[in-house]
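# Analysis of the macromolecular model
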Amino acid sequence: MQGNRAKRFAAIATGAALAVAVGVPAAYADNGTDTADLRDAVSATGISEHLEAFQAIADANNGNRAAGTAGHVASAEYVEAQLRAAGYDPVRQYFSYDQYVEHSASLSQVSPNPTVYVDQTDFDAMDYSGSGDVTTSVTAVDVNLVGARASTSGCEATDFAAFPAGNIALIQRGTCTFRVKVDNAVAAGASGVIIFNQGNVVPGDDREGLLFGTLDLPQAPVPVAGISYALGETFATTAGLVLRLQVDATLTTINTFNVLADSAGRADRTVVVGGHLDSVAEGPGINDNGSGTASILETAIQLAASGDAPENRVRFAFWSGEEDGLVGSDYYVSQLTKKDIKNHAVNLNFDMVGSTNFVRFVYDGDGDAFGTKGPKGSDVVEDVFVDFFASQGLASEPTAFDGRSDYFGFINNGIPAGGLFTGAEDPKTVEQAAIYGGTAGAPLDPCYHQACDTIDNVNLEVLEQMADAIAHATLTFAETTSAIPGTAKGGGAGNTNLQFKGHSLLK
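Residues numbered from 1 in each chain as written. Predicted model: local features only at pLDDT ≥ 70, side-chain atom pairs only at ≥ 80, totals over all residues. Heavy atoms only, no water.

Here we take up the packing of helix α10 (residues 378-391) against helix α13 (residues 460-478). Where α10 contacts α13, the axes come no closer than 10 Å and their chain directions differ by 135 degrees. When the axes of α10 and α13 are compared, the pair comes out oblique. Considering the relative orientation of α10 and α13, their crossing is right-handed. Counted together, Val380, Val381, Val384, Phe385, Phe388 and Phe389 of α10 and Gln465, Met466, Asp468, Ala469, His472, Ala473, Thr476 and Phe477 of α13 form the full contact between these two elements. Its residues assigned to classes, the contact of α10 with α13 comprises ten nonpolar, three polar and one charged. (Axes fitted to C-alpha atoms, helices over the stretch in contact; angles between N-to-C directions. Helix = DSSP H or I, 4+ residues; strand = E, 2+ residues; numbered from the N terminus. Parallel < 35°, antiparallel > 145°, perpendicular 65-115°, else oblique. Left-handed = near helix turned anticlockwise from the far one by under 90°. Contact = heavy atoms within 4.5 Å. Nonpolar A, V, L, I, M, F, W, Y, C, P; charged D, E, K, R; others polar.)

Take a look at the structure:
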């Protein structure tokens, strides 16, 4: 393993070892940058001051800092003021998007055996579902309920060759995106679509439970809901099934902006250090993602205070619209020319780095743990974090590069990326509790996307550890004197196998 890492670092190494005072073994030397002073300066104490400000802003603005609201604007104004005081010249990157707003949804079995199903427990209207209220027969489309349950259900137009127009299409998860399945069903005359989980075994991926999916824009023309494998299997094997599916949903135009601030340094090796500033509407979002953006902000402030101009430009990015589907970071990347993409060395993404029941997760840049890797060079980013934690005697483990955060647009455009994460709604395993402490079986963040995601929902001990890693990686890549493998030619095909876009499944 160390031999492979040494080869990876050869492309960026300067040959120097870390200073003895840093206490980092030569095996973890990265490019020789001494990051001790910046790590000492970026502390949980300083970060907490920003978190207190975000909490106060949410308290004064209906309890949240969601994109398009006064709470987000006030959060951005706070960040901008802090950056200006540190000597930066922050700019706003404005954009608009159509936010999906669900007003109501219901699902019931009309016959046989009338049953009312519970929203968010038995079913969930997919993001960007169309509106409609249909009561009709259900037709299963090319489903597979046996063996490994391999499924291409709904992925080809031919799957609907004998589909009765006007029926609700019952489709199984698998192979293609939910959007492809829905578009094919609509073309065949379906009045509604229900997609059930696949029911197969994929490590690290729930293929049995309730399906929370997104169709992405544009809004579908018919109502669409996700359900569990068990309920889907029941529907598929019930003769004479008639369901009522109702969704009332609209699109609301959101006008918002990203905040960007640049250091000095080579623009042809730009290091984007980013995280989302917006919260969900349900709460103040102090861990998700005040913890990430406050850590980035404090790193920017202390980097400027050091008085040392970095070799490469560092662009500190505070994204908006993440909670509605990674909109702000996607917009940023969409505005880059091919030359701009070439000039982006790496994206470091920090989304939730203070979870109370934490695990120290590092994005699986090389794909060896989960099979979905980032563009070439993402393995280097992973190793910088992994080796840093090891040098501090701290355990870490990989987390899937599956599309759940703002790195999505970067890796889809061939820009190497990586970052840190301390966990969201997933339960901590017994094995993780033995390594990191905390409570097995409880969510890593028990207040994920809830009103209780307040200043009390942040573990300051892990926040300090993650802040050290953030400062270390930021300065390491800021001082890299040669291109990270994968960025010398820029561009790239990107990763086309992402399972999520934000917190909702794509496929």
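So, on to the packing of helix α3 (residues 44-59) against α13. Each pair of packed helices can be described by the angle between their axes along with the distance between the axes. The interhelical angle for the contact between α3 and α13, taken along N-to-C directions, is 110 degrees, at an axis separation of 9 Å. Here α3 lies roughly perpendicular to α13, going by the angle between them. For the element pair α3 and α13, the recorded crossing hand is right-handed. Residues Ala44, Ile47, Ser48 and Leu51 of α3 form the contact with α13, whose own contacting residues are Leu460, Leu463, Glu464 and Ala467. Looking at the contact of α3 with α13, its residues break down into six nonpolar, one polar and one charged.

With that settled, the discussion passes to the nonpolar core. Counting 73 residues, the largest nonpolar core has Leu348 and Leu420 as the members making the most contacts within it. Per element, the largest residue contribution to this core is eleven residues, and it comes from α13. Not counting chain neighbours up to four residues away, the residues in contact with leucine 348 comprise Val271, Val272, Val273, Gly274, Val381, Phe385, Gly418, Ala473, Thr474 and Phe477. Judged by nonpolar contacts, the second largest core, of 42 residues, contains Leu107, Phe123, Phe196 and Val224. (Core = buried A, V, L, I, M, F, W, Y, C linked by side-chain atoms within 4.5 Å. Buried < 20%, exposed > 50% of the residue type's maximum accessible area, 1.4 Å probe, protein only.)

Taking 1.5 Å as the rise per residue, helix α4 (residues 70-85) with 16 residues should run 22 Å; its terminal C-alpha atoms sit 22 Å apart, in good agreement. By the burial criterion, the buried members of α4 are Gly71, His72, Ser75, Ala76, Tyr78, Val79, Glu80 and Leu83. Buried positions along α4 lie against α3, β1 (91-111), β8 (242-262), α7 (286-305) and β10 (312-319). Looking one or two residues beyond α4, the residue adopting positive phi is glycine 87, at roughly 105 degrees. (Expected span 1.5 Å × (residues − 1).)

Among all positions in helix α5 (residues 178-187), only Phe178, Arg179, Lys181, Val182, Asn184 and Ala185 are buried. Within two residues after α5, glycine 189 carries a phi angle of roughly 95 degrees, on the positive side.

For the bond from leucine 217 to proline 218, the omega torsion is 0 degrees, close enough to zero to count as cis. With omega at 0 degrees, the peptide bond leading from aspartate 288 into asparagine 289 counts as cis. A positive phi is found at aspartate 142, a non-glycine position, where the angle reads about 50 degrees. The topology assignment puts aspartate 142 in the loop between β4 (132-140) and β5 (168-172). The residue histidine 449 is not glycine, and still its phi comes out positive at about 60 degrees. With respect to the helices and strands, histidine 449 occurs in the loop between α12 (430-436) and α13.

Strand residues, when the strand is regular, have side chains that alternate between the two faces of the sheet. A large share of strand β9 (residues 266-276) lies buried, amounting to eight of its eleven residues. Direction of pairing for β9 relative to β10: parallel, over a ladder of seven bridges. For arginine 266, the partnering residue across the bridge sits in β10 and is asparagine 312. This β-α-β element, β9 to α7 to β10, shows right-handed connectivity. (Pairing = 2+ DSSP bridges. Right-handed = clockwise from strand over helix to strand, strands pointing away.)

Moving on, we get to the environment of alanine 369. Here alanine 369 is to be found in the loop between β12 (361-363) and α10. Between the C-alpha atoms of alanine 369 and valine 146, which are 223 residues apart in sequence, the distance is 28 Å. Those residues in contact with alanine 369 that sit more than four places away from it in its chain are Asp364 and Pro398.

Attention now goes to the state of the cysteines. One pass over the full model with this rule turns up two disulfides. There is a disulfide in this structure between cysteine 155 and cysteine 176, and the S-S distance comes to 2.1 Å. Between cysteine 155 and cysteine 176 the sulfur-sulfur dihedral comes to about -95 degrees; the bridge is accordingly left-handed. Placement of cysteine 155 in the loop between β4 and β5 and of cysteine 176 in the loop between β5 and α5 is noted, with a sequence separation of 21 residues between them. An identical accessibility class is assigned to cysteine 155 and cysteine 176; each is buried. Disulfide partner of cysteine 447: cysteine 452, at an S-S distance of 2.1 Å. Its S-S torsion of about -115 degrees marks the bond between cysteine 447 and cysteine 452 as left-handed, since a negative value means left-handed. The disulfide pattern of the protein chain is 1-2, 3-4 when the bonded cysteines are numbered in sequence order. (Disulfide = S-S within 2.5 Å.)

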